[in-house]
Amino acid sequence: MEDFLTVFQMIGTAAFAISGAITAVHAGLDLFGIIALGVMTATAGGVIRDIILGIFPPIAFVNSMYVLTAALISVVVFLIARDEIRSGTSMNNHSFRVILLLGDSIGLGVFTTAGMYTAITRFSADNGFLVIFSGVVTGVGGGFLRDVSIHILPEIFSKHVYAVASIAGALISLYLFRHSDPYTAIYIGTGIIVLIRLLAARYRWSLPRVQS
Amino acid sequence: MEDFLTVFQMIGTAAFAISGAITAVHAGLDLFGIIALGVMTATAGGVIRDIILGIFPPIAFVNSMYVLTAALISVVVFLIARDEIRSGTSMNNHSFRVILLLGDSIGLGVFTTAGMYTAITRFSADNGFLVIFSGVVTGVGGGFLRDVSIHILPEIFSKHVYAVASIAGALISLYLFRHSDPYTAIYIGTGIIVLIRLLAARYRWSLPRVQS
Amino acid sequence: MEDFLTVFQMIGTAAFAISGAITAVHAGLDLFGIIALGVMTATAGGVIRDIILGIFPPIAFVNSMYVLTAALISVVVFLIARDEIRSGTSMNNHSFRVILLLGDSIGLGVFTTAGMYTAITRFSADNGFLVIFSGVVTGVGGGFLRDVSIHILPEIFSKHVYAVASIAGALISLYLFRHSDPYTAIYIGTGIIVLIRLLAARYRWSLPRVQS
């Protein structure tokens, strides 16, 4: 389980690093700004989770793999973006938005369920609220810090069912953590979160506003 | 005392949730954005306090009442705001600003003194600086995160004697914690903070600027 | 060593307070806004470091000297800025930028190496990544929060080799912590960080961008 979780979180780290690096490219940052925002987006959720659950130092400070993976991915995003522009075959905005959405959704899904699992192993699955709220905060934390740092309105305030997707997946995942095995709970929970996010983006689901 | 403090903090939570939700309505957020900002504003101060004082997980993660109360209040703010606009009897800007000011001031007062009380019970009242600084950071934390998230200049940097009100109330409250009972210290301290904020807003008190 | 470190960090605190207060003056804040941003910039790095390394309450909450020094320095910056404007002999933008750069660079250098030293004494110098990452986050934390709070793009995303300077100094400092004494490691590491920042600003070093 330990090894599985490390690999699983590495996928989430890579996905969030992509979203951070693309956001940084769009904002016109230089190479190091891109790496900094990629690393921050990829590690913030896990660091917030570890602080909330009382794990010191946070894992991202102890195991260098998370930061190094995020930095490497950010450099790759930089190189691709530069080549695209130089060769004049620059990806259209649509492709960029799809990759950004995918990275952000996978990161959201992975860190929500990984956050829940950490809360369960450190405490228990008894306090469902603690497990779900820890998972949701872990999931949304990276994207929140990414957007606030760069002065974009955080997606949690603006995007179609962003936190709703995380909460819905977390509820189903909690049920599976309690009545099934952790692998199933993590796979299904993550899948549901990504699916809801993609469906919401595709069909432009949105929540009611004060002025419609 | 335990029960009193829970009820007392619930009042502060509701007050900050109102301020967060109204700010979100003004910023044009959808229903979930309003709930997210309401919950974040209402819980951030307490979470920051618990982290500083070494309480893990923070109480807002263990006891669901805080988040649920804040979410419920945010939905109510949403419904009222929508009805106001639909019926054309929309509250004027003045009423909104008064409610926002009240919510924010009560939240500031409650969390400043509740933060002080937590610092005293966890450590002692001996280090007055620790008690006051913990209280002030707890008090201003929620509003700070609310404003930074939504890209408004935080009130602590701009509003008439915002942190000054918190510090003044905290100083008097510390004296009362040491020489009287906690109830008196909390009531008087909170009252002074709210009063200073209201008087400052009413009479437009302000501090000197570089260019006047 | 304890005394040396306190004095050393007080220098970093003063330097960061200057950078925070000048930034606040530029943003047109009133006296208390200037103090608030000065104190926040000066203490945030150390508070983040203590949270990451599991030190509760953070030292800036226990020892009032840090907050009081930062507040005093901020008042002095306010008075000088006001006198400059009143007497019409207002420092030109260039002088202001030089002082801001100096304060920020010294703060970055001091807190990077002080963060590393804290990580080493609390854990060990064995995990080089933990030591360096703790140092860099401590170093960049204050300036990051300063800029995000006031809605400026954080320097870590935009400035010539900002975090690169911190990382380079940290690498050399780590080598010296392991093979020499802490004083040497702290002095040389800090000196290198300040030097790189100043050279980068002087010769306008910058990193590649996507569109050049």
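Residues numbered from 1 in each chain as written. Chains lettered and ligands numbered in written order. Predicted model: local features only at pLDDT ≥ 70, side-chain atom pairs only at ≥ 80, totals over all residues. Heavy atoms only, no water.

Q: I would appreciate a short explanation of the overall build of chain A in the present structure.
A: Scanning chain A for helices and strands turns up 9 helices and 0 strands. From first element to last, N terminus to C terminus, chain A shows the α and β order α-α-α-α-α-α-α-α-α. Over its C-alpha atoms chain A spans a radius of gyration of 17 Å, differing by no more than 12% from the 17 Å that the globule rule assigns to 212 residues. Projected onto its principal axes, the C-alpha coordinates of chain A cover approximately 55 × 45 × 25 Å. (Helix = DSSP H or I, 4+ residues; strand = E, 2+ residues; numbered from the N terminus. Rg over C-alpha atoms; globule rule 2.2 N^0.38 Å.)

Q: Help me understand the pattern of salt bridges, please; the structure alone is not making it clear to me.
A: Pairing between side chains of opposite charge can happen when their charged atoms approach one another. Inspection of every chain in the model, using the stated rule, returns 18 salt bridges over all chains. When the shortest N-O distance is used, the salt bridge between R146 of chain A and E155 of chain A registers 3.6 Å. According to the relative accessible area criterion, R146 of chain A is buried, its value standing at 1%. Between R49 of chain C and D50 of chain C there is a salt bridge; the shortest N-O distance is 3.0 Å. Classification of D50 of chain C as buried rests on a relative accessible area of 0%. (Salt bridge = Lys/Arg side-chain N within 4 Å of Asp/Glu carboxyl O. Buried < 20%, exposed > 50% of the residue type's maximum accessible area, 1.4 Å probe, protein only.)

Q: Could you clarify how one ought to interpret the interface of chain A and chain C in this entry?
A: Contact residues are listed per partner, giving 30 residues for chain A and 31 residues for chain C. For the pair chain A and chain C, the summed buried surface comes to about 2,500 Å²; carbon and sulfur atoms form 77% of the total. On inspection of chain A and its partner chain C, the count reaches 2 residue pairs in polar contact (both at pLDDT 80 or more). Mapped by element, the contributors of at least two residues to the side of chain A that touches chain C are helix 2 (31-53), helix 3 (59-62), helix 4 (65-86) and helix 6 (128-149) of chain A. In the side of chain A that touches chain C, the residues fall into 21 nonpolar, 6 polar and 3 charged. (Contact = heavy atoms within 4.5 Å. Buried area = accessible area lost by both parts, 1.4 Å probe. Polar contact = N/O pair within 3.5 Å; in protein donor to acceptor, adjacent residues only side chain to side chain. Nonpolar A, V, L, I, M, F, W, Y, C, P; charged D, E, K, R; others polar.)

Q: What is the right way to read the interface of chain B and chain A from this model?
A: How big an interface is tends to be expressed through the accessible area that disappears when the partners come together. Taken residue by residue, the interface counts 30 residues in chain B and 31 residues in chain A. Interface of chain B and chain A: buried area, both sides summed, is about 2,500 Å²; carbon and sulfur atoms make up 77% of it. It is D30, F32 and F61 of chain B that lose the most area in chain B upon contact with chain A, and together they represent 28% of the buried surface on that side. There are 0 salt bridges connecting chain B and chain A. Where chain B meets chain A, there are 2 residue pairs in polar contact (both at pLDDT 80 or more). Elements represented by at least two residues in the side of chain B that touches chain A include exactly helix 2 (31-53), helix 3 (59-62), helix 4 (65-86) and helix 6 (128-149) of chain B. Per-element accounting of the side of chain B that touches chain A gives the leading share, 8 residues, to helix 2 of chain B. Grouping the amino acids of the side of chain B that touches chain A by side-chain chemistry returns 21 nonpolar, 6 polar and 3 charged.

Q: So what exactly am I meant to see when it comes to the layout of surface pockets here?
A: Regions of empty space are outlined by a rolling probe, equal in size to a water molecule, passed over the atoms. Residues and elements named next belong to chain C. By volume, the second largest pocket amounts to about 750 Å³. Together, 25 residues line the second largest pocket, and R97, V98, L101, K159 and A201 are the ones closest to its centre. In terms of residue count, the dominant contributor to the lining of the second largest pocket is helix 5 (residues 93-122) (6 residues). Partitioned by chemical class, the residues of the lining of the second largest pocket number 12 nonpolar, 5 polar and 8 charged. (1 Å grid on protein atoms, 1.4 Å probe; cavity = no way out; pocket = protein on both sides within 12 Å on 5 of 7 lines; lining within 4 Å. Points joined across faces, edges and corners; volume = space filled by probe spheres on them.)

Q: What exactly am I supposed to notice about the relation of the copies chain B and chain A here?
A: Two copies of a chain can be linked by a rotation about an axis combined with a shift along that same axis. Overlaying chain B on chain A yields an RMSD of 0.0 Å, the required transformation being a rotation through 120° with an accompanying axial translation of 0.0 Å. Seen this way, the second copy is the image of the first under a three-fold rotation axis. Distance from the rotation axis, computed per C-alpha, reaches its smallest value in chain B at H151 of chain B: 4.0 Å. (Least-squares fit on C-alpha atoms with pLDDT ≥ 70 in both.)

Q: In this structure, what is going on with the side chain of S166 of chain B? I would like to understand it.
A: All names here are of chain B. Relative to the assigned elements, S166 resides in helix 8 (residues 162-179). Look at S166 and you get buried, because its relative accessible area is 0%. Separated by 3.1 Å, the side chains of S166 and T112 make a polar contact.

Q: I keep staring at helix 9 (residues 182-202) of chain A and nothing clicks. Help me out?
A: Residues and elements named next belong to chain A. The end-to-end C-alpha distance of helix 9 is 30 Å, a good match for the 30 Å that 21 residues give at a rise of 1.5 Å each. By the burial criterion, the buried members of helix 9 are A185, I186, G189, T190, I193, V194, I196, R197 and A200. Burial along helix 9 is one-sided: seen end-on, the buried residues are contained in an arc of 155°. Across from the buried face of helix 9, at angles greater than 90 degrees, the exposed residues are Y187 and R202. A positive backbone phi angle near 50° is found at R204, which sits one or two residues after helix 9. (Expected span 1.5 Å × (residues − 1). Arc of directions from axis to C-beta.)

Q: How should the UniProt feature "domain: Glycine transporter" (unreviewed entry) in chain A be read in this particular structure?
A: Within this numbering scheme, the UniProt entry marks residues 7-81 and 104-176 of chain A as carrying the feature "domain: Glycine transporter" (unreviewed entry). End C-alpha to end C-alpha, residues 7-81 of chain A measures 27 Å, and it is 85% helix and 0% strand. (UniProt positions renumbered as here; feature names shortened; annotations may be inferred.)

Q: Before we go on, may I ask you to explain the relation of the copies chain A and chain C in this structure?
A: Screw-axis analysis of chain A against chain C gives a translation of 0.0 Å along the axis, an RMSD of 0.0 Å, and a rotation angle of 120°. The share of interface residues of chain A whose copies in chain C are also at the interface is only 13%, consistent with the copies meeting through different surfaces.

Q: Please clarify how unusual backbone geometry should be interpreted in this entry.
A: Note on backbone geometry: most residues besides glycine have negative phi, and most peptide bonds are trans. The residue after F56 of chain B, namely P57 of chain B, is reached through a cis peptide bond having omega -10°. Position of P57 of chain B among the secondary structure elements: in the loop between helix 2 and helix 3. In this model, H151 of chain A sits at a positive phi of 65°, which is unusual for a non-glycine residue. Tracing the sequence through the fold places H151 of chain A in the loop between helix 6 and helix 7 (155-158).

Q: Hey, could you run me through the UniProt feature "transmembrane region" (unreviewed entry) in chain A in this one?
A: When the UniProt feature table is mapped onto this chain numbering, "transmembrane region" (unreviewed entry) sits at residues 6-25, 32-52, 64-82, 94-117, 129-148, 160-177 and 183-200 of chain A. The distance from the first to the last C-alpha atom of residues 129-148 of chain A is 26 Å, and the span holds 100% helix and 0% strand.

Q: I keep staring at the confidence of the model for chain A and nothing clicks. Help me out?
A: As a note on interpretation, predicted positions should not be read in detail where pLDDT is low. Residues and elements named next belong to chain A. The share of residues in chain A with pLDDT of 70 or more is 95%, and the mean pLDDT across the chain is 92. Put simply, helix 7 is where chain A has its lowest mean pLDDT, 85, and helix 3 is where it has its highest, 97. What the predictor reports for the complex is a pTM of 0.93 with an ipTM of 0.91. (pLDDT = per-residue confidence, 0-100.)

Q: Could you clarify how one ought to interpret a nonpolar patch on the surface in this entry?
A: Residue and element names in this part refer to chain A. Taken together, the side chains of I172, Y183, Y187 and I188 present a nonpolar region at the surface, about 380 Å² in accessible area. Positionally, Y187 belongs in helix 9. Judged by its relative accessible area of 51%, Y187 is exposed. (Patch = residues over 30% accessible without salt bridge, like charges linked within 9 Å, V, L, I, M, F, W, Y side chains within 5 Å. Areas by Shrake-Rupley, 256 points an atom, 1.4 Å probe, with all protein chains shown as cover.)

Q: How should I be thinking about the packing of helix 2 (residues 31-53) of chain C against helix 4 (residues 65-86) of chain C in this particular structure?
A: When two helices pack together, their arrangement is given by the angle between their axes and by how far apart the axes lie. All names here are of chain C. Between helix 2 and helix 4, the shortest axis-to-axis distance is 8 Å and the interhelical angle comes to 135°. The pairing of helix 2 with helix 4 is recorded here as oblique in orientation. Two packed elements cross with a definite hand, and for helix 2 against helix 4 that hand is right-handed. Counted together, L31, I34, I35, G38, V39, A42 and T43 of helix 2 and V67, A70, A71, S74, V75 and F78 of helix 4 form the full contact between these two elements. A breakdown of the residues in the contact of helix 2 with helix 4 according to their chemical character gives 10 nonpolar, 3 polar and no charged. (Axes fitted to C-alpha atoms, helices over the stretch in contact; angles between N-to-C directions. Parallel < 35°, antiparallel > 145°, perpendicular 65-115°, else oblique. Left-handed = near helix turned anticlockwise from the far one by under 90°.)

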